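Coordinate analysis (summary)
The primary structure of each chain is shown beneath.
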Amino acid sequence: MWNWLHKLGSPPWFYRITGRWLPWMGGLSALLLGVGVVWGLAFAPQDYQQGHTVRIMYMHVPAAILAQSAYLMLASAGVVVLVWRVRLADMFAEACAPVGASITMIALLTGSIWGKPTWGTYWEWDARLTSVLILLFLYIGLIALRAAIRETEAAARACAILAVVGMVNIPVIKYSVEWWNTLHQPASFTVTEKPAMPAEMWLPLLPCVFGLYLFFFFVVLHRTRTTALRRERRKQWARQEIGNQLESRDAV
């Protein structure tokens, strides 16, 4: 196990092994998302109170869950950078931040659209909504901080520290509906408890959630590979990979 993790921290080995994973991840994520979206939007029953509006759940809930998970992964990579100084962990963090920001934006937009018929307003300075907005600002801050520091190692350390400090916002997001009196309802679907909705409504959520996670890893791994080539472009393995890609492109 440790040997495998050690090899995973090597950019050449990471680049080659993930090249085999990406086609399968892309295809499976497209399949799961297609099944989940069609199942949820076309075949799942409507809610007895919200009607068809509840179908936004099949886009909002997976995005909201993934937005937090993506930040946890980013912050974990930051810990690896600070403690073990693994270059690939910083490459992953750099690739992860824009994708996490996009997912968080989707969660906020779909939540606002859902909020209009449910609460009568697109936005309220609710504890859950505000903490998710702060999460978006953290992602944007990480992107801006990295762009502002030209030296790669200094940027890696600064972004890692900000990512780890920003972790305090994750439990606020999760427990905000319990700590404060908020408009946002408590979670209706959790891993540890029986869902508060009928099976025919929550079952379509599963392929949506798993499909979005796979799509996230597909995009982030692809971006990490590109970042690895850019940073290691002067090394033999990177020059060889770039040369192979150019030869394949010319052959086509």
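The present account deals with the structure reproduced in this document. Everything numeric here is computed off the predicted structure, so don't read it as measured data. (Residues numbered from 1 in each chain as written. Predicted model: local features only at pLDDT ≥ 70, side-chain atom pairs only at ≥ 80, totals over all residues. Heavy atoms only, no water.)

Counting secondary structure elements, the protein contains ten helices and zero strands. Its helices and strands taken in sequence order, the protein reads α-α-α-α-α-α-α-α-α-α from the N to the C terminus. Principal-axis analysis of the C-alpha atoms places the extent of the protein at approximately 60 × 40 × 35 Å. Across the 252 residues in the protein, those meeting the buried criterion constitute 41%. Pairs at least 24 residues apart make up 74% of the contacts formed inside the protein by residues separated by at least 6 positions. Per element, the accessible surface of the protein, about 14,400 Å² overall, is 66% carbon and sulfur. Separation of charge centres in the protein, based on 22 positive and 14 negative side chains, amounts to 8 Å. (Helix = DSSP H or I, 4+ residues; strand = E, 2+ residues; numbered from the N terminus. Buried < 20%, exposed > 50% of the residue type's maximum accessible area, 1.4 Å probe, protein only. Contact = heavy atoms within 4.5 Å. Areas by Shrake-Rupley, 256 points an atom, 1.4 Å probe, with all protein chains shown as cover. Lys, Arg positive; Asp, Glu negative; His and termini not counted. Charge placed at Lys NZ, Arg CZ, Asp CG, Glu CD.)

We now examine the pattern of salt bridges. For the structure shown, the criterion picks out six salt bridges. One salt bridge in this structure joins Asp 90 and Arg 231, with 2.9 Å as the shortest N-O distance. Of the two residues, Asp 90 is situated in helix 4 (residues 87-119) and Arg 231 in helix 9 (residues 205-231); the sequence distance between them amounts to 141 residues. With a shortest N-O distance of 2.5 Å, Arg 231 and Glu 94 are connected by a salt bridge. Of this pair, Arg 231 sits in helix 9 while Glu 94 sits in helix 4; the two residues are 137 residues apart in sequence, bridging distant segments of the chain. (Salt bridge = Lys/Arg side-chain N within 4 Å of Asp/Glu carboxyl O.)

Evaluation of the coordinates by the stated rule reveals six aromatic pairs. A centroid spacing of 5.5 Å and a plane angle of 80 degrees characterise the contact between Tyr 71 and Tyr 139, whose relative ring orientation is edge-to-face. Pair noted here: Tyr 71 is in helix 3 (residues 57-84) and Tyr 139 is in helix 5 (residues 127-148), with a separation of 68 residues, a long-range link. As far as the burial class goes, Tyr 71 and Tyr 139 line up, both buried. Taking 5.8 Å as the distance between ring centres and 80 degrees as the angle between the ring planes, the aromatic pair formed by Trp 179 and Trp 180 counts as edge-to-face. (Phe/Tyr/Trp six-rings, centres within 6.5 Å; stacked < 30°, edge-to-face > 60°.)

Next up on the list: empty space enclosed by the protein. Picture a little ball the size of a water molecule; that probe, rolled over the atoms, points out where space is still empty. Taken as a whole and assessed by the stated rule, the structure comprises one cavity of 30 Å³ or more. Considering only enclosed or pocket space, the largest cavity measures out at about 80 Å³ in volume. In terms of lining, the largest cavity is formed by 13 residues, of which the most central are Leu 74, Ala 93, Leu 142, Arg 146 and Cys 159. The set of elements that each furnish at least two residues to the lining of the largest cavity consists of helix 3, helix 4, helix 5 and helix 6 (152-165). Residues that form the lining of the largest cavity fall into these classes: nine nonpolar, one polar and three charged. (1 Å grid on protein atoms, 1.4 Å probe; cavity = no way out; pocket = protein on both sides within 12 Å on 5 of 7 lines; lining within 4 Å. Points joined across faces, edges and corners; volume = space filled by probe spheres on them. Nonpolar A, V, L, I, M, F, W, Y, C, P; charged D, E, K, R; others polar.)

This part is about the state of the cysteines. Under the counting rule described, the total for this entry stands at zero disulfides. Note on Cys 96: no disulfide assigned, nearest cysteine sulfur contributed by Cys 159 at a separation of 12 Å. (Disulfide = S-S within 2.5 Å.)

Another point: the side chain of Thr 104. Relative to the helices and strands, Thr 104 is located in helix 4. Reaching out from Thr 104, the side chain makes a polar contact with the backbone oxygen of Gly 100 at a distance of 2.7 Å. Setting aside its immediate chain neighbours within four residues, Thr 104 contacts Ala 67, Val 132, Leu 135, Leu 136 and Tyr 139. (Polar contact = N/O pair within 3.5 Å; in protein donor to acceptor, adjacent residues only side chain to side chain.)

Glancing now at the environment of Arg 87. Tracing the sequence through the fold places Arg 87 in helix 4. Each C-alpha atom of the pair Arg 87 and Arg 231 lies 9.8 Å from the other, and the pair is 144 residues apart in sequence. Residues within four places of Arg 87 in sequence aside, it is in contact with Pro 11, Arg 231, Glu 232 and Lys 235.

Packing of helix 3 against helix 4 leaves a shortest axis separation of 8 Å and a crossing angle of 155 degrees. If you check the angle between helix 3 and helix 4, you find them roughly antiparallel. Every pair of crossing elements has a handedness; the one defined by helix 3 and helix 4 is left-handed. Of the residues contributing to the contact of helix 3 with helix 4, the split by class is 21 nonpolar, five polar and one charged. (Axes fitted to C-alpha atoms, helices over the stretch in contact; angles between N-to-C directions. Parallel < 35°, antiparallel > 145°, perpendicular 65-115°, else oblique. Left-handed = near helix turned anticlockwise from the far one by under 90°.)

If you trace the backbone, Val 83 turns up in helix 3. Judged by its relative accessible area of 51%, Val 83 falls in the exposed class. Taking the C-alpha atoms as reference, Val 83 lies 50 Å from Gly 51; in sequence the two are 32 residues apart.

Across the interface, helix 4 lies against helix 5 with an axial gap of 9 Å and an inter-helix angle of 150 degrees. When the axis of helix 4 is compared with that of helix 5, the two are roughly antiparallel. Two packed elements cross with a definite hand, and for helix 4 against helix 5 that hand is left-handed. Mapping the contact onto sequence places Asp 90, Ala 93, Glu 94, Ala 97, Pro 98, Gly 100, Ala 101, Thr 104, Met 105, Leu 108 and Trp 119 in helix 4 and Leu 129, Val 132, Leu 133, Leu 135, Leu 136, Tyr 139, Ile 143 and Arg 146 in helix 5.

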